[in-house]
Amino acid sequence: MSPSVCLQEMIRVIRGARTQGEERGVIQRECAAIRAQFRQADNGGRSHNLAKLLYVHMLGYPAHFGQMECVRLIASSKYSEKRIGYLGAMMLLDEKQDASLLITNSIKNDLSHSSQHVQSLALCTLACMGSAEMCRDLAPEIERLLKASNSYIKKKAALCAVHIVRKIPELGEMFTPSAHSLLSEKNHGVLHGAVILITELCERNPDNLKQFRKSVPELVQIMKNLVTSGYSPEHNVAGISDPFLQVRILRLLRILGRNNDAASDAMNDLLAQVATNTDSSKTAGSAVLYETVLTIMDIRSESGLRVLAVNILGRFLLNNDRNIRYISMTSLQKIVQTDHTAVQRHRGTIVDCLKDQDASVKRYAPSQRWHIDTILHVLVTAGGDVRDETVPNLIQLITAASELHCYTVHKLYRALISDIVQQSLVQVACWCIGEYGDLLLKGECEEITPMQVTEDDVLDALETVLQSHMSTPTSRGFALTAIMKLSTRITNNVDRIRSVVSIYGSCIDVELQQRAVEYNALFKKYDHMRAAVLERMPVIDRNSSGQTNGDPSVEPMKEFNQPKPVQGVLIQEPANQVCDLLDLLGDSNPPLLVTNDHTSTAPNSTNSTSSNVQDNLLDLLGGLEPTPAPSVTVFEKGGLSLKLQCDQQTETSTTVTFTASNSTQSDITGFNLQAAVPKSVQLQMKAPSGDLIPAQGCGTVTQTVLLSYTNKANLKMRVRLSYSSQGTACQDMVQIDSFPSPAWS
Amino acid sequence: MMRFLLLFNRQGRLRLQKWFIPLSNREKNKIVSEMTLTVLARPPKACSFLQWRDLKIVYRRYASLFFCCGLEDQDNELLTLELLQRYVELLDQYFGNVCELDIIFNFDKAYFILDEFIMGGEIQETSRLCLARHMEEADAFQETVDEYEKNPTY
């Protein structure tokens, strides 16, 4: 290969290499040639050689021997050589390399070059990789250029100054006067650079804040001009005039208005104007609105403006664009800590967003332990104000988090013994102690400091609740039942329990009396059943208890543990309690019953969304066991069989699960189901679990389909299966006219 | 400010890298490999934003290339999407229907355009027209000087 092959040719050869080894060979030869060329004095192909080296560097190969060449090229008088030399410097040299200091002098000379293009190269390189020493050396030059008459140079000098201030904050005072005067520029590039410079100066030094607060009216005026100006093709992005500049100005206003009433007042009108007039149908507008919201929430704005800001975020939550929903979630999370009342009305949409399968969006769905901790914290601080449903919701959440039972009961016990004022906390604590008392008595729990708890201690705590005048009748009921449950979980103090229970047999409170009498009977006549009756409860399926108001197969004893029938469906009524947002995350475990209300408010409820939404959330909260329903084989051919199973049937909807299995010797790939239903039926197909069915029944593919209809008689479905089996593509059709009913209904 | 901008294709081959903070080669390579792995593993309809270490990562796919940048806490992610869009438009305007091959074979030009658009991690020019004009002028300047050098007229 000729040593002076051009850049393009070399790239072609490298790309033509068929193996990694071949590529390495080519590159080694090229580098050797380039090195030889560098050693030769003055030849015409220097810039080409450096360019080749830079390409090789980008592929990941060492290129340090090019550093000196960069220095040499930068010092050249030819523009083409300077251009590639500076590029090389930015790629190969950084402030950690000694060679970087060598270019300081060249940069200094080039900053005063007659051609603005050369000046621009120097400025760009300094801003990109200038070390602290270089910055100190060249700061006066930059300050001089800030006053230049050429806006091309001014804007670059401004950003160079930003870099210098970041490296050496003390040099900031050198640029403060110039920064101020730059605000009166008309050129957007210069204005943009000036705003960034002022932002940087204010962030580094609070004295600058005071000084630049005086510029707030000027900044407000610039923003107003941008917002109300007509269409300008140069700066227009999707109907917004220069969103980049707008966002930077808003960010600066945020810093200036923070903790300062006067400055905040001066910008109130502008912020209201921007918030109402900006068109957010495209990303550019949304970006401006987002920055506006952040600014409103951070300065001393009036409450009307804050409500407006939160409403904007609420609107964002309903946006089709995932990115905008993510942004609104992150912002709302920051805001809910300080301004929760404003956030509450958007609870419903926040919940729907939590169903989004995207991990970034779901990041805000907390871990179980965080969830439980947070709700406990709420109960401890303001338990008196939470909704009544918090108690059964939390209980249900706790039962589902089986690995956290020990941790939870310990935490609740400690909360209980310190304070029994908060009734909801008391109720949840009593219930847990009753259920998981044996874990409490074991004493050890990984996630919490160990504390020895004796049976007497536990019974004392529960009796305190029972006897305290602060306890409501409901709480006393909880406590009594908990005491009773402990009779099967403790060993020594069963007599104590027996006596407590018999005492309350003559209690004036009818509810307590009834319970006590029944428990007494359990001790006396039905002692042989006591253990079975009081054993650990299974994970509560809120949905079924809501629908059937207590499954008839459940013991009447256990029913007492849920004082109110739980409404399984999401309730969208407005709330007025503390941190309802968090409580609502308990609601976010949707029952498998998907009512029409629920699907219609989901922001993105098309067929293509989230595969098995319910499955994911169920995973999050430990999973509910589905009640087994009969499955019917609807299709069987050549080893592929498709079964159908109906769950959760109501008068107007059914959830159908298809299960495909493969008994042939080879895998079935590309498995795909399509379904069609009559016009009176609505169909929603969830994403399948996969498209590969392993051979010999080693695995299955499942797909859930939700059907809603007005008349069950009309329910029919035609399903088309397409798949590849043993190399051939197949397609089959099956008509389903009758659907099996689930075991219970 | 933006800390870095990376362009890589679906096979993880790096096509452009711009760093606005000083890092050793080892650290740079580590970040590049982590970024490529993380971004390439994301499902196609996923959100364009993700949190990585203490940075906000914004990425978008244009044809066969992923444009990925690392932002600091105060930066506006939605605006950065607009920034990436603007950069792609500039490339498109310069190369005429830009594709990955243009960026491979003319990576130096891609860098020059980037250096006219972003400096020190911040945008330096918000006007498309100005930027296109500056690039033309710079290229013309380079040609004139080269021409002059080749054929001195005296």
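Structure first, text after, so check above.
Cut-offs applied
- Residues numbered from 1 in each chain as written.
- Chains lettered and ligands numbered in written order.
- Predicted model: local features only at pLDDT ≥ 70, side-chain atom pairs only at ≥ 80, totals over all residues.
- Heavy atoms only, no water.
- Pairing = 2+ DSSP bridges.
- Helix = DSSP H or I, 4+ residues; strand = E, 2+ residues; numbered from the N terminus.
- Buried < 20%, exposed > 50% of the residue type's maximum accessible area, 1.4 Å probe, protein only.
- Contact = heavy atoms within 4.5 Å.
- Axes fitted to C-alpha atoms, helices over the stretch in contact; angles between N-to-C directions.
- Buried area = accessible area lost by both parts, 1.4 Å probe.
- Salt bridge = Lys/Arg side-chain N within 4 Å of Asp/Glu carboxyl O.
- Nonpolar A, V, L, I, M, F, W, Y, C, P; charged D, E, K, R; others polar.
- 1 Å grid on protein atoms, 1.4 Å probe; cavity = no way out; pocket = protein on both sides within 12 Å on 5 of 7 lines; lining within 4 Å.
- Points joined across faces, edges and corners; volume = space filled by probe spheres on them.
- Phe/Tyr/Trp six-rings, centres within 6.5 Å; stacked < 30°, edge-to-face > 60°.
- Lys NZ or Arg CZ within 6 Å of the ring centre and 35° of its normal.
- Expected span 1.5 Å × (residues − 1).
- Arc of directions from axis to C-beta.
- Polar contact = N/O pair within 3.5 Å; in protein donor to acceptor, adjacent residues only side chain to side chain.

Visitor: Help me out: how do you make sense of the pairing of strand 10 (residues 728-736) of chain A in this one?
Guide: Note on strand geometry: in a regular strand, side chains alternate between the two faces of the sheet. Residue and element names in this part refer to chain A. Pairing between strand 9 (residues 717-725) and strand 10: nine bridges, direction antiparallel. In the strand pairing of strand 10, Ser725 is matched with Thr728. As consecutive antiparallel partners, strand 9 and strand 10 are separated by two residues, and within that stretch Gln726 has a phi angle of approximately 50°, a positive value.

Visitor: Looking at this structure, I do not really get the side chain of Thr657(A). What am I missing?
Guide: All names here are of chain A. Mapped onto the elements of the fold, Thr657 is located in strand 5 (residues 653-662). Under the relative-accessibility criterion, Thr657 is labelled buried at 16%. Look past the residues within four positions of Thr657 in its chain and what remains in contact with it is Lys643, Leu644, Gln645, Asp647, Thr702, Gln703 and Thr704.

Visitor: How should the sheet that holds strand 3 (residues 49-52) of chain B be read in this particular structure?
Guide: Strands in a sheet are paired, the pairing made by backbone hydrogen bonds, and the direction either parallel or antiparallel. Residue and element names in this part refer to chain B. Taken together, the five strands give an open sheet; going across it, the order is 2-1-5-4-3, and neighbouring strands pair in antiparallel fashion. The sheet is open, and its two edges are formed by strand 2 (14-19) and strand 3, each paired on a single side. Sheet twist, expressed as the mean angle between neighbouring strand axes with direction ignored, is 20°. Here strand 4 (residues 55-62) pairs with strand 5 (residues 65-71) via seven bridges, running antiparallel.

Visitor: Can you help me understand the interface of chain A and chain B in this one?
Guide: One widely used convention gives an interface's size as the accessible area the parts lose upon coming together. The interface of chain A with chain B comprises 68 residues on the first partner and 64 residues on the second. Taken over both partners, the interface formed by chain A and chain B buries close to 6,000 Å², and the fraction arising from carbon and sulfur atoms is 57%. Viewed at the interface, chain B and chain A are joined by seven salt bridges. Of the residues belonging to the side of chain A that touches chain B, the class tally is 31 nonpolar, 16 polar and 21 charged.

Visitor: It is not clear to me how empty space enclosed by the protein should be interpreted in this structure. Could you clarify?
Guide: Empty space among the atoms becomes apparent when a probe as large as a water molecule is rolled across them. On inspection of all chains with the given rule, the structure shows 12 cavities of 30 Å³ or more. Considered as a void within the structure, the second largest cavity measures approximately 210 Å³ in volume. Taken together, 18 residues form the lining of the second largest cavity, with Arg248(A), Asp75(B), Leu79(B), Leu83(B) and Glu122(B) sitting closest to its centre. Elements that contribute at least two residues to the lining of the second largest cavity include exactly helix 15 (243-257) of chain A together with helix 2 (77-95) and strand 7 (122-123) of chain B. Among the elements that make up the lining of the second largest cavity, the one with the highest residue count is helix 15 of chain A (four residues). When the residues that make up the lining of the second largest cavity are grouped by side-chain class, the tally is eight nonpolar, five polar and five charged.

Visitor: Please clarify how the packing of aromatic side chains should be interpreted in this entry.
Guide: Aromatic ring pairs are described here by two measures, namely the spacing of the ring centres and the angle between the planes. The final tally for this structure, using the stated rule, is 12 aromatic pairs over all chains. Ring geometry for Tyr55(A) versus Phe107(B): centroids 5.8 Å apart, planes at 45°, classification tilted. Linking Tyr55(A) in helix 3 (residues 46-58) with Phe107(B) in helix 4 (residues 107-117), this pair reaches from one chain into another. The same class applies to Tyr55(A) and to Phe107(B), which are both buried. On the basis of an interplanar angle of 70° and a centroid distance of 6.3 Å, the ring pair of Phe67(B) and Tyr87(B) is categorised as edge-to-face. Of the two residues, Phe67(B) sits in strand 5 while Tyr87(B) sits in helix 2, which places them 20 residues apart along the sequence. A relative accessible area of 1% places Tyr87(B) in the buried class. Ring pairs connect the aromatic residues Tyr55(A), Phe107(B) and Tyr111(B), which therefore count as one cluster. Cation over ring: Arg35(A) sits above Phe65(A), and NZ or CZ is 4.3 Å from the ring centre. Stacked on the ring of Phe112(B), the Lys or Arg Arg83(A) has its end atom at 4.1 Å from the ring centre.

Visitor: What's the story with helix 30 (residues 510-524) of chain A in this structure? I'm lost.
Guide: Given 3.6 residues to a turn, an α-helix orients residues that are three or four positions apart in the same direction. Residue and element names in this part refer to chain A. A rise of 1.5 Å per residue sets the reference length of helix 30, with its 15 residues, at 21 Å; its end C-alpha atoms lie 21 Å apart and thus fit the reference within 8%. The set of residues buried in helix 30 consists of Leu512, Arg515, Ala516, Tyr519, Asn520, Leu522 and Phe523. Axial view of helix 30: buried residues confined to an arc of 155°, hence all on one face. Turned more than 90 degrees away from the buried face of helix 30 sit Val510 and Lys524, all of them exposed. Capping the start of helix 30 is the job of one residue whose side-chain oxygen sits 2.9 Å from the backbone nitrogen of Glu511: Asp509.

Visitor: Looking at this structure, I do not really get the layout of surface pockets. What am I missing?
Guide: By volume, the largest pocket is sized at about 1,000 Å³. Considering the residues around the largest pocket, the lining is formed by 49 residues, among which Gln17(B), Trp19(B), Ile21(B), Leu23(B) and Lys28(B) are closest to the centre. Those elements that place two or more of their residues in the lining of the largest pocket are helix 3, helix 5 (79-92), helix 8 (116-129), helix 10 (151-167) and helix 12 (188-204) of chain A together with strand 2 and helix 1 (25-40) of chain B. When residues in the lining of the largest pocket are grouped by element, the largest group, six residues, is from helix 1 of chain B. Within the lining of the largest pocket, the residues separate by chemical class into 20 nonpolar, 16 polar and 13 charged.

Visitor: Is there a simple way to explain the sheet that holds strand 4 (residues 640-647) of chain A in this structure?
Guide: Residue and element names in this part refer to chain A. Read across the open sheet, the five strands follow the order 3-4-5-8-7; overall the sheet is antiparallel. Both edges of this open sheet fall to strand 3 (631-637) and strand 7 (681-685), since each of them pairs with a single strand only. Averaged over all pairs of adjacent strands, the angle between their axes in this sheet comes to 25°, without regard to strand direction. In this structure, strand 4 lies alongside strand 5, joined through eight bridges in antiparallel fashion. The partner of Leu640 across the bridge, within strand 5, is Asn662.

Geometry only, nothing functional implied.
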